[in-house]
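Below, each chain spelled out in residue letters.
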Amino acid sequence: MRSFRTLDDLPAQQRVLVRLDLNSPVEDGVVQDNRRFSRHAETVAELAEAGHRVALMAHQGRPGRDTFVSLEQHADILAEHAGVDVDFVPDTFGDDALAAIRGLDAGDVLLLENTRMTDDELPEKEPEGHAASDFVETLAAEFDAYVNDAYSAAHRKHASLVGFPLALPSYAGRVMQTEYEANTAIAEREFDGDVTMVIGGTKATDVIGVMEALDETVDRFLLGGVAGELFLRAAGYSVGEDVETDLFDDQWDANEEVIRSVLDERRDQVTLATDLAYEDDDGERAEVAVGDIEEKSQSFLDIGSDTVADYEPVVRDSEAVFVKGALGVFEDERFSVGTVGVLEAIAETDCFSVVGGGDTSRAITMYGMSESDFSHVSIAGGAYIRALTGEPLPAVELLVQSAEREA
Ligand SMILES: Nc1ncnc2c1ncn2[C@@H]1O[C@H](COP(=O)(O)OP(=O)(O)O)[C@@H](O)[C@H]1O
Ligand SMILES: O=C(OP(=O)(O)O)[C@H](O)COP(=O)(O)O
């Protein structure tokens, strides 16, 4: 079987460049602690305790969004979980970053600035193109090895994920290793009974893109969140358009064709919300049937109570349930009804269940459920549902190729 190398194969006393995924919710400028920190802390502590010189890369948010912030706060949260000091340098690969990297002693850990703050990170390029960028060439010259621990970003072809494995001997970190093993095993499972996928969240393109590939595996899709509104828009309802946010129109343009084709060919597999919730003039949760919405004049923030009542029995009758994305803005208790109702229904049954996504898995802890109520809680969202299709993840593929080259 093709596989990558892990930290068990890493030679001693290396200068190691490590890619983590610390992408986190940010509320009023404050980075929120979440499972990604505690999980990656294990890899970081292992590398530091082994006496390597460790420089960490990670991204946060997307340019133009409120969550696109510096990694300064991440260093402190990570240090607390890892039990080792994590220095931070507000630079990606300039002189300040290089000076900090060259100053590392054995066992030291340094976090570099948000990779998406360099222009070289995000352009759509093949791995060879990324490997030839200034960013990759400059940093790679400072290290002996590259460790990718960012399974949850492994579906992206960005420089920090696919460029470095062409430039340095490359290894999977502990999170990459365990998430890859768990998600690959899950993708290979077969179920006799109904398989349901709950789809929500804000990253509609990631989930809609895999719905067609999963139509043989999944019997029923239950929709909410931004993806759900886009489907309702295609079904002729006055929702899924940008009024107060810019979450919808670009994703509509990118996905309209696929959404219409899914609705034309597999309407019976897709269950859409029949009512939605919004904040009324008094700041209270209010609900409206989708058929009664005449024009979109406010943001909808959750599926409605009737929809939750329709979704719960579907979940209870399923043999397996996969969740990707929240059904509403659950961080605000008024709009947590859909997400929590469906997660509690899953937790109460003995179906095989997977909950994915850095944001969505937070709802489990926030609302008093336990990770042990679910078969697997993944810190990956888009990567885990892509893995369910059996398609390789670009960053994993590059780790495998690195191992094959060095064999
Ligand atoms: N209708 C909605 N409008 C805006 N945001 C929503 C809506 N429904 C869900 N969300 C948000 O989606 C986020 C999770 O989405 P996403 O980033 O796609 O998932 P994850 O990070 O879990 O993979 C939650 O933080 C939630 O607040
Ligand atoms: O949070 C992430 O993905 P997820 O929301 O699908 O779990 C990853 O950090 C990827 O981030 P991106 O979707 O901005 O490329």
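All figures in this text were calculated on a predicted structure; none of them were measured in a lab.

Chemist: Explain the overall build of the protein chain here, please?
Modeler: A count of helical and extended segments in the protein chain gives 15 helices and 17 strands. Relative to the globule expectation of 22 Å for 407 residues, the C-alpha radius of gyration of the protein chain, 22 Å, shows essentially globular dimensions. The dimensions of the protein chain, computed from C-alpha atoms along their principal axes, are 65 × 45 × 40 Å. Burial status across the protein chain gives 58% buried among its 407 residues. At a minimum sequence separation of 6, the contacts of the protein chain that also span at least 24 residues come to 74%.

Chemist: Is there a simple way to think about the UniProt feature "binding site: ATP" (unreviewed entry) in the protein chain in this case?
Modeler: According to UniProt, the feature "binding site: ATP" (unreviewed entry) maps to Glu331, Gly357, Gly358, Asp359 and Thr360 in the numbering used here. On the basis of their most widely separated C-alpha atoms, the annotated residues across 30 residues gather in one place, lying no more than 14.2 Å apart. Relative to the elements of secondary structure, Gly357 occurs in the loop between strand 16 (352-356) and helix 13 (362-366). Sequence-distant contacts of Gly357, defined by excluding residues within four places in its chain, comprise Ser378, Ile379, Ala380 and Gly381. Inspection of the secondary structure assignment puts Thr360 in the loop between strand 16 and helix 13.

Chemist: What is the right way to look at the site of ligand 1 in this model?
Modeler: What surrounds ligand 1 is a group of 17 residues, the closest being Thr202, Lys324, Glu331, Asp359 and Thr360. The separation between an oxygen atom of ligand 1 and a polar side-chain atom of Glu331 is 2.4 Å. Contact distances for ligand 1 include 3.0 Å between an oxygen atom and a side-chain N or O atom of Asp359. Here ligand 1 loses 90% of its free accessible area of 580 Å² to cover by the protein chains. Of the residues belonging to the shell around ligand 1, the class tally is five nonpolar, eight polar and four charged.

Chemist: How should I be thinking about the domain arrangement of the protein chain in this particular structure?
Modeler: Interfaces are often sized by the amount of accessible area the parts lose when they come together. Under the domain assignment, the protein chain is made up of domain 1 (7-180 + 391-406) and domain 2 (189-374). Distance from the C-alpha centre of domain 1 to the C-alpha centre of domain 2: 32 Å. Domain 1 puts twelve residues into the contact, and the matching count from domain 2 is twelve residues. Interface area for domain 1 against domain 2, summed over the two sides, is near 860 Å², with a carbon-plus-sulfur share of 32%. Among the residues of domain 1 in contact with domain 2, Pro25, Arg35 and Arg65 are the three that bury the most area, contributing 52% of the side total. At the surface where domain 1 touches domain 2, the tally comes to four salt bridges. At the surface where domain 1 touches domain 2, the tally comes to four residue pairs in polar contact (both at pLDDT 80 or more). Residue classes in the side of domain 1 that touches domain 2 are distributed as one nonpolar, four polar and seven charged.

Chemist: Even after reading the chapter, I still don't get the site of ligand 2, so can you show me in this structure?
Modeler: Every one of the 14 residues lining ligand 2 counts as a neighbour, but Asp21, Arg62, Arg156, Lys203 and Gly382 are closest to it. Within the side chain of Asp21, one N or O atom sits 2.7 Å away from an oxygen atom of ligand 2. A distance of 2.6 Å separates an oxygen atom of ligand 2 from a polar atom in the side chain of Arg156. Considering ligand 2 on its own, with 390 Å² of exposed area, one finds that the protein chains cover 95% of that surface. Per-domain counts for the shell around ligand 2 show at least three residues from each of domain 1 (7-180 + 391-406) and domain 2 (189-374).

Chemist: What exactly am I supposed to notice about the pairing of strand 10 (residues 220-223) here?
Modeler: Here is the key point about a regular strand: its side chains alternate between the two faces of the sheet. As defined by bridge partners, strand 9 (residues 195-199) adjoins strand 10 across four bridges and the pair is classed as parallel. Considered in strand 10, the bridge of Thr196 is made with Arg220. Regarding topology, helix 8 (residues 204-211) serves as the crossover connection from strand 9 to the parallel strand 10, and that connection is right-handed.

Chemist: Whenever I open this one, the sheet that holds strand 14 (residues 302-303) confuses me. Can you help?
Modeler: Hydrogen bonding along the main chain pairs the strands of a sheet, whether they run parallel or antiparallel. Pairing is antiparallel in the open sheet, where three strands are placed in the order 13-12-14. This sheet does not close on itself; its edge strands, each paired only once, are strand 13 (285-289) and strand 14.

Chemist: Please explain the environment of Ser361 as it appears in this structure.
Modeler: Within the secondary structure, Ser361 sits in the loop between strand 16 and helix 13. For Ser361, a relative accessible area of 2% puts it in the buried group. Residue contacts for Ser361: discarding those within four places in its chain leaves Arg35, Val355, Gly356, Val377 and Ser378.

Chemist: What should I look at first to understand the side chain of Arg36 in this one?
Modeler: Positionally, Arg36 belongs in helix 1 (residues 35-49). If near-sequence neighbours (up to four positions away) are discounted, Arg36 is found in contact with Asp21, Leu22, Asn23, Ser152, Gly358, Ile379 and Ala380.

Chemist: Would you mind showing me how to read helix 10 (residues 249-266) here?
Modeler: For an α-helix the count is 3.6 residues per turn, leaving residues at separations of three or four pointing the same way. Its 18 residues place the ends of helix 10 24 Å apart at the C-alpha level, agreeing with the 26 Å of an ideal helix rising 1.5 Å per residue. Of all the bends found along helix 10, the most pronounced is centred on Asn255 and spans about 60°. Every buried residue of helix 10 is accounted for by Gln251, Trp252, Asn255, Ile259, Ser261, Val262, Leu263 and Arg266. If you follow the buried residues of helix 10, they end up packed against helix 8, helix 9 (225-234) and strand 11 (270-271).

Chemist: Would you take a moment to explain the nonpolar core for this structure?
Modeler: For soluble globular proteins, the rule of thumb is that nonpolar side chains tend to be buried together. With 106 residues, the main nonpolar core has Leu139, Phe231 and Phe322 as its most contacted residues. Of the domains in this structure, domain 1 (7-180 + 391-406) and domain 2 (189-374) are the two that each give at least three residues to this core.

Chemist: It is not clear to me how the pairing of strand 12 (residues 275-279) should be interpreted in this structure. Could you clarify?
Modeler: Counting buried residues in strand 12 gives four out of five residues, a clear majority hidden from the surface. Note that strand 12 and strand 13 share five bridges and pair antiparallel. Across the sheet, Asp275 pairs through a bridge with Ala289, a residue of strand 13. Across two bridges, the pairing between strand 12 and strand 14 is antiparallel.

Calculation criteria
- Residues numbered from 1 in each chain as written.
- Chains lettered and ligands numbered in written order.
- Predicted model: local features only at pLDDT ≥ 70, side-chain atom pairs only at ≥ 80, totals over all residues.
- Heavy atoms only, no water.
- Helix = DSSP H or I, 4+ residues; strand = E, 2+ residues; numbered from the N terminus.
- Rg over C-alpha atoms; globule rule 2.2 N^0.38 Å.
- Buried < 20%, exposed > 50% of the residue type's maximum accessible area, 1.4 Å probe, protein only.
- Contact = heavy atoms within 4.5 Å.
- UniProt positions renumbered as here; feature names shortened; annotations may be inferred.
- Near = heavy atom within 4 Å.
- Polar contact = N/O pair within 3.5 Å; in protein donor to acceptor, adjacent residues only side chain to side chain.
- Areas by Shrake-Rupley, 256 points an atom, 1.4 Å probe, with all protein chains shown as cover.
- Nonpolar A, V, L, I, M, F, W, Y, C, P; charged D, E, K, R; others polar.
- Domains from an automatic or database assignment.
- Buried area = accessible area lost by both parts, 1.4 Å probe.
- Salt bridge = Lys/Arg side-chain N within 4 Å of Asp/Glu carboxyl O.
- Pairing = 2+ DSSP bridges.
- Right-handed = clockwise from strand over helix to strand, strands pointing away.
- Expected span 1.5 Å × (residues − 1).
- Bend = angle between axes of the 7 residues up to and from the residue.
- Core = buried A, V, L, I, M, F, W, Y, C linked by side-chain atoms within 4.5 Å.

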